[in-house]
Amino acid sequence: MFKQLLASTLAASSIYSPMTAQASSYPVESVVDAKIRTLNYHLNGVEAKYGVLLPQVIFAQARTSSYGGCVSNDNRNAVSTRATTAYCGKTNTITLVTEQLKSINSRFGDGAVAYTVAHEYAHWMQLIAVKLSNNNGNTPNVPKGIVSQELQADCIAGWFMRHTSADMGYDKADWKEAVHFALAAGDSDHGSGKQRAASLLTGLKSDEINVCFADQLPGQIRSTINRIEKWLRLEG
């Protein structure tokens, strides 16, 4: 299903290139803008063919409060939370916090920023995969557990990066920045740093998105963990 769904929408375009130079020469705002435009351009076919709206992307400051949507309410008081970079399926909205992205850019590079944006788009892909598969009577392989969902999103993000690198002006050095950030971004909700890097690398090295939805993905992640260091050395 997914190969059919995305085979044409993420094909490289010879007439569209948001960035013709190396993205590292651009400020983080330009990197994020180019990544969003690139993903939206390639994923527009999904919206047009299946009537699934692309996510709305909102920029916020770290001090911004958020109400409703994916923020819980206690039926008496409106509960708020400080903005964080995340995807909300209830509102089909991606929130990107400027300070967080600038910190990622300064510590790891623009490849890590592109990975962060792609990861949130990957959560949108998981949501529409469930909707489209259910409509077709199929059972999508989107895992139930939060850590497994996050690791799958890392794999999809890697695949997105691989197939938009030409338009973004990215190379293996930018992929390395993303992998280094994944190694440092492990937590109890997203999986260990090595798991995240291995899942991201699985997507980065895959021609087909199906690998990210395959039953074998957990095993692929485990086997790739042992090859992360070697890949970073060889691509250095």
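Analysis parameters
Residues numbered from 1 in each chain as written. Predicted model: local features only at pLDDT ≥ 70, side-chain atom pairs only at ≥ 80, totals over all residues. Heavy atoms only, no water. Core = buried A, V, L, I, M, F, W, Y, C linked by side-chain atoms within 4.5 Å. Buried < 20%, exposed > 50% of the residue type's maximum accessible area, 1.4 Å probe, protein only. Helix = DSSP H or I, 4+ residues; strand = E, 2+ residues; numbered from the N terminus. Axes fitted to C-alpha atoms, helices over the stretch in contact; angles between N-to-C directions. Parallel < 35°, antiparallel > 145°, perpendicular 65-115°, else oblique. Contact = heavy atoms within 4.5 Å. Nonpolar A, V, L, I, M, F, W, Y, C, P; charged D, E, K, R; others polar. Phe/Tyr/Trp six-rings, centres within 6.5 Å; stacked < 30°, edge-to-face > 60°. Disulfide = S-S within 2.5 Å.

1. Digging into the nonpolar core
Then, number 1: Judged by nonpolar contacts, the single largest core of 59 residues is most densely connected at Leu43, Trp124 and Phe160.
Then, number 2: No other element matches the 13 residues that helix α4 (residues 110–135) contributes to this core.

2. A short note on unusual backbone geometry
Then, number 1: Positive phi is not limited to glycine here, since asparagine 92 has a value of about 50 degrees.
Then, number 2: Locating asparagine 92 in the fold gives a position in the loop between β4 (86–88) and β5 (93–97).
Then, number 3: Overall, the relative accessible area of 17% leaves asparagine 92 in the buried class.

3. Things to note about the environment of leucine 232
Then, number 1: Mapped onto the secondary structure, leucine 232 falls in helix α10 (residues 228–234).
Then, number 2: Take leucine 232: its relative accessible area is 9%, and that puts it in the buried class.
Then, number 3: When the C-alpha positions of leucine 232 and tryptophan 175 are compared, they lie 9.5 Å apart, and in sequence the two are 57 residues distant.

4. What about the packing of helix α6 (residues 172–184) against helix α7 (residues 193–204)?
Then, number 1: Closest axis-to-axis distance for the α6/α7 pair is 7 Å, and the angle between their directions is 155 degrees. One element, α6, and the other, α7, form an angle in the roughly antiparallel class. Residue-level contacts link Trp175, Ala178, Val179, Ala182 and Leu183 of α6 to Gly193, Lys194, Arg196, Ala197, Leu200 and Leu204 of α7.
Then, number 2: Per-class residue counts for the contact of α6 with α7 are eight nonpolar, one polar and two charged.

5. As for the packing of aromatic side chains
Then, number 1: Scanning the entire structure with this criterion turns up three aromatic pairs.
Then, number 2: Relative to phenylalanine 181, the ring of phenylalanine 108 has its centre 5.1 Å away and its plane inclined at 50 degrees; by these criteria the two rings are tilted. Here phenylalanine 108 is found in helix α3 (residues 98–108), whereas its partner phenylalanine 181 is found in helix α6, with 73 residues between them in sequence. For the pair phenylalanine 108 and phenylalanine 181, one class covers both residues: buried.
Then, number 3: Seen from their ring centres, tryptophan 159 and phenylalanine 160 are 6.2 Å apart, and the 50 degrees between their planes marks the pair as tilted.

6. Some details on the state of the cysteines
Then, number 1: Per the counting criterion, the structure on display carries two disulfides.
Then, number 2: Disulfide pairing is shown between cysteine 155 and cysteine 212; the S-S distance is 2.1 Å. Sign of the S-S torsion, about -75 degrees for the bond between cysteine 155 and cysteine 212, identifies this disulfide as left-handed. Within this pair, whereas cysteine 155 is found in helix α5 (residues 146–168), its partner cysteine 212 is found in helix α8 (residues 210–213), the two being separated by 57 residues in sequence. For the pair formed by cysteine 155 and cysteine 212, the shared burial category is buried.
Then, number 3: Going through the chain in sequence order and numbering each bonded cysteine, the pairs you get are 1-2, 3-4.

Interpretation note: all reported values are geometric properties and have no functional meaning in isolation.
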